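Observations on chain architecture
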Amino acid sequence: MDRRHFLTYVGSSTAALVAASSGIAALTENTMAANHLMNGKPSGKGKPLTVSFKPIQRTWENDLVLPKGYHYNIIASYGDVINSKGEKFGDSVDLTVYFPIDSLKGGNNSEEGLIWVNHEFPEPANYMKLLGLDPANFKKENLANYPHLLKMEKEAVGGSVIHVKKEKGEWKLVQDDTYNRRVDGTTPIELTGPARGSKAVNGAVKVEGTLGNCSGGRTLWNTVLSCEENTEYGHDYGWPNFNDTHYGWVVEVDPFDPKRPVRKHTALGRFAHENAAMGLTNDGRVVVYMGDDKGDECFYKFISEKKFNPVNREANFDLLEKGTLYVADLSKQKWIALDHESNPTLKAQFADQAEVLTNARAAARAVGGTKLDRPEDVEIHPLDGSVFLSLTNNSGHGNFHGQIIRFVPPDGDHGSDSFTFEVFVAGGQKSGITCPDNLHFDSKGNLWVVEDFSATEDNVYADYKNCGVFLVPTDGKNYGKPQQFASGPKGSECTGPWLTPDERTLFLDIQHPETWNPYPGQSFGRSALVAIQGGKFK
């Protein structure tokens, strides 16, 4: 694999960050030579994006299976103590974002940094085993009578900031570090934007905790955006006094400053956020693309009112508080503003902008947003600025295997109100990939894709066996041909792929394995963050 530094948001300088995020207008001479975008389409004649490993085959093996020459080590698992306060690494790992330890100085350290890891949901049945409770006799309506179980559930979700370092060839958690901390289901979190203090959120300016943290993204000012996917989780688990309007938002956390308040940005809308991919418009405003992970839901983008300041980090911390949320209409290839003031349809159906944002799904439908098949992860191509969206599946439409859609903004301007689009990869037997979920780009523009499905010996996914990780070239002779890099343990999803700036380590999360990496003294497996090295990563 090419050893060039990432052109995405892990560049070695602010200038690199801006170039990676601005679309075609910011492409360098070397990037243009790759011919990734010719009149809106890949030329197929660019620098070959060759597969840097021998692809593996589908397997039921109960381990993280990698190509020959690659190996992994576990950095942190559910229940591991991460600091002197006794806080523990959470459960159900999902998003991983690596921040070089020298990020705030424009650095690019690939052997020491901070990692944010999302913890999507609790695993109550496992915690009952640890507490000696019988799941058969437990009713979630009585959860308040089990304070220890409720505490474990709330502490299992949210996210972790951990300091990691490569020592003697292996990545390790730096124990008792001042950076190590938890944001969980009990953390006080401020609301920002139009819905703050509004009737739509029952007057709340501060809410309790975060949960349903699926994927997310990294901002241009080195914070993390953690996305709350399922607002109903609290009801599903029986959490007392749960108010679902306080969840389903995009959460911003500064991994470098534990004193900075954690915030939920209501201007980005409330729905089942999968992730948040950040770039810049041609005039320097921030754009955030977002999927809504549910069948027959929509694709969104947010554009900030203010412009990004590349030389003053502090000036950017309010960028996500004011701006415009848009929904995609694929039939017209247009972005429709979800703006109460300017849209008569929204004025007729919603009291104010706070209500529009809190009920973004209903607002999107009202103005003609296109219903899609579980729009999950979305990422911006680091070379040509096109936008890739994974549609995982929708069994109600007979779409069991999903696809990846590529959107092209005109002139590479993410601020445009129009776009064109095409199917990049269709899931199924021909491509060999199914149910695409998280996406991640390397510096060559290869797309790394993980899967989200549950296979049994006799269901529609039987031939696909365990969930996998794939590399898909976006130009050259292997354009659009998935090549399998990894296979997860039984019952697991591989989630949150993220490469270090030197691309010698791929961080990956192993979520909800059945028995792999067992909890000490127990039979159930533990979710874990791993580091993959070797092969062409050397």
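A short tour of the structure in this document, coming up. These numbers were taken from a predicted model, which means no experiment stands behind them. (Residues numbered from 1 in each chain as written. Predicted model: local features only at pLDDT ≥ 70, side-chain atom pairs only at ≥ 80, totals over all residues. Heavy atoms only, no water.)

1. Section: the sheet that holds strand β1 (residues 70-77)
Heads up, the condition is: Criterion used throughout: strands pair if DSSP finds at least two bridges between them. In DSSP terms, a helix is any run of H or I states spanning at least four residues, a strand is any run of E spanning at least two, and both are numbered starting from the N terminus. Lines are fitted to the C-alpha atoms to define the axes, a helix being fitted only along its stretch in contact, and any angle between axes, read from their N-to-C directions, falls within 0 to 180 degrees.
With antiparallel pairing, the four strands of this open sheet are ordered in space as β1-β30-β29-β28. Each end of this open sheet is capped by a strand with a single partner; those strands are β1 and β28 (493-499). On average, each strand axis in the sheet is tilted by 25° relative to the strand beside it, whichever way the strands run. Two strands pair when backbone bridges link them, and strand β29 (residues 506-511) and strand β30 (residues 528-534) are joined in this way by five bridges, in the antiparallel orientation.

2. What about the pairing of strand β24 (residues 436-441)?
In plain terms, the rule: Each residue's exposure class comes from its accessible area (1.4 Å probe, protein chains only) as a fraction of the maximum for that residue type: buried when under 20%, exposed when over 50%, partly exposed otherwise.
Judged by how many residues are buried, β24 sits mostly within the fold: six of six residues are covered. Alignment of β24 against strand β25 (residues 447-451), held across four bridges, turns out to be antiparallel. The residue bridging Phe-441 from the neighbouring strand is Leu-447, located in β25. Between the end of β24 and the start of β25, which pair antiparallel, lie five residues, with Gly-445 showing a positive phi angle near 95°.

3. Let's talk about helix α3 (residues 124-131)
What counts, and what does not: Contacts were defined at the residue level, with two residues in contact if any of their heavy atoms lie within 4.5 Å.
Taken together, the buried positions of α3 are occupied by Pro-124, Asn-126, Tyr-127 and Met-128. Looking at the buried positions of α3, the neighbouring elements they touch are α4 (147-156) and α5 (233-237). The positive-phi residue at the C-terminal boundary of α3 is Gly-132, with phi of around 75°.

4. Some remarks on the environment of Ala-364
Checked against the element boundaries, Ala-364 lands in helix α8 (residues 360-366). Excluding its chain neighbours within four sequence positions, the residues that come into contact with Ala-364 are Cys-298, Tyr-300, Val-327, Leu-338 and Gly-369.

5. Some points on the pattern of salt bridges
So the rule is basically this: We define a salt bridge as a contact between a side-chain nitrogen of Lys or Arg and a carboxyl oxygen of Asp or Glu at a distance within 4 Å.
Using the criterion set out here, one finds 23 salt bridges in the structure. For Arg-260, the salt bridge is made with Asp-254, and the minimal N-O distance between the two is 2.9 Å. Given a relative accessible area of 4%, Asp-254 falls into the buried group. In the salt-bridge network here, residues are joined through shared partners; they are Asp-254, Arg-260, Arg-313 and Glu-314.

6. A few points about the state of the cysteines
Applicable threshold: Here, two cysteine sulfur atoms that lie within 2.5 Å of each other are counted as a disulfide.
Evaluated as defined, the whole model comprises zero disulfides. This cysteine, Cys-214, is not joined by any disulfide, and Cys-227 carries the nearest cysteine sulfur, 8.2 Å off.

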